[in-house]
Amino acid sequence: MKQQANLIRAGQVIEHDGRRWTVLKQQIITPGKGGAFIQVEMRDLKTGNKTNERWRTADSVERLMTEDKEYLYSYTDGETLVLMDPESFEQVMIPVDLMGDQAPFLQDNMTINIHLVEGDPVGIDLPPQVTLEVVEADPVVKGQTASSSYKPAMLSNGVKTMVPPFVEAGERIVVRTEDGSYVERAKD
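Residues numbered from 1 in each chain as written. Predicted model: local features only at pLDDT ≥ 70, side-chain atom pairs only at ≥ 80, totals over all residues. Heavy atoms only, no water.

*Asks:* What's the story with a negative patch on the surface in this structure? I'm lost.
*Replies:* Among the surface-exposed residues, Glu67, Asp68, Glu70 and Asp125 lie close enough to one another that they form a single negatively charged patch. Counting residues per element, the negative patch draws most heavily on strand 7 (residues 67-77), at three residues. Along the chain, the position of glutamate 67 falls in strand 7. (Patch = residues over 30% accessible without salt bridge, like charges linked within 9 Å, V, L, I, M, F, W, Y side chains within 5 Å. Areas by Shrake-Rupley, 256 points an atom, 1.4 Å probe, with all protein chains shown as cover. Salt bridge = Lys/Arg side-chain N within 4 Å of Asp/Glu carboxyl O. Lys, Arg positive; Asp, Glu negative; His and termini not counted. Charge placed at Lys NZ, Arg CZ, Asp CG, Glu CD. Helix = DSSP H or I, 4+ residues; strand = E, 2+ residues; numbered from the N terminus.)

This is the structure in structure tokens:
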């Protein structure tokens, strides 16, 4: 499906120079003289190479339609995620590289959303938040104000994050899968 270049958004999959690319970032630039253009950072779906491309805003690009399908995470086998289709119970193998920085937040039997283009996986969405245990937390430093002070903590998945001073080792907390930031204490 053709679309104007100025409508390109992060997360879309486009076809350019006979290859498929996923859009990472886009920025419309309007110089003082001349027409506006869009600067797009994108990653090749086959090789994983990143590149930057520029189009005039009036140019058209080929956007590929993605289909979303939910799978259950089973386990990781080396550099491959093994997922199960909850309807047909078939196993599907997907490269871990599609996860990027979110890979440590995968949990057994987690429902994840896979973006497919013509049956090929091009992206993965995790739930927005997960509950993890704090395995190590620095002690509170006396004299710090309680309002805006945070201390470093290590989570059970090996990710370091900043938590409020009242959180101790052994507690379960909710964190964002997008950046690993603290949300709240777990209610369970």
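*Asks:* Looking at this structure, how should I read the pattern of salt bridges?
*Replies:* Any two side chains of opposite charge can pair, given that their charged atoms come close. Within this structure, the stated rule accounts for seven salt bridges. One salt bridge in this structure joins aspartate 85 and lysine 69, with 3.2 Å as the shortest N-O distance. Of this pair, aspartate 85 sits in the loop between strand 8 (80-84) and strand 9 (91-95) while lysine 69 sits in strand 7, placing them 16 residues apart in sequence. In this structure, glutamate 171 and arginine 185 form a salt bridge, with 2.8 Å as the shortest nitrogen-oxygen distance. Of the two residues, glutamate 171 sits in the loop between strand 14 (160-163) and strand 15 (172-176) while arginine 185 sits in strand 16 (residues 182-185), which places them 14 residues apart along the sequence.

*Asks:* Hey, could you run me through the UniProt feature "domain: Translation elongation factor P/YeiP central" (unreviewed entry) in the protein in this one?
*Replies:* The positions that UniProt labels "domain: Translation elongation factor P/YeiP central" (unreviewed entry) are, in the present scheme, residues 68-122. Split by type, residues 68-122 is 0% helix and 55% strand. Its first and last C-alpha atoms lie 10 Å apart. (UniProt positions renumbered as here; feature names shortened; annotations may be inferred.)

*Asks:* Is there a simple way to explain the pairing of strand 11 (residues 120-125) in this structure?
*Replies:* Side chains on a regular strand alternate between the two faces of the sheet. Bridge analysis of strand 10 (residues 111-117) against strand 11 gives five bridges, and the strand direction is antiparallel. Across the sheet, the residue bridging to asparagine 113 is aspartate 125, located in strand 11. Hairpin connection, strand 10 to strand 11: the antiparallel pair is bridged by two residues, and glutamate 118 has positive phi, about 50°. (Pairing = 2+ DSSP bridges.)

*Asks:* Where do I start with the pairing of strand 6 (residues 60-64) in this structure?
*Replies:* As paired elements, strand 1 (residues 2-4) and strand 6 share three bridges and run antiparallel to each other. Directly across from lysine 2, in strand 6, lies its bridge partner glutamate 62. As paired elements, strand 2 (residues 13-16) and strand 6 share three bridges and run antiparallel to each other. Looking across to strand 6, one finds that isoleucine 14 is bridged to arginine 63.

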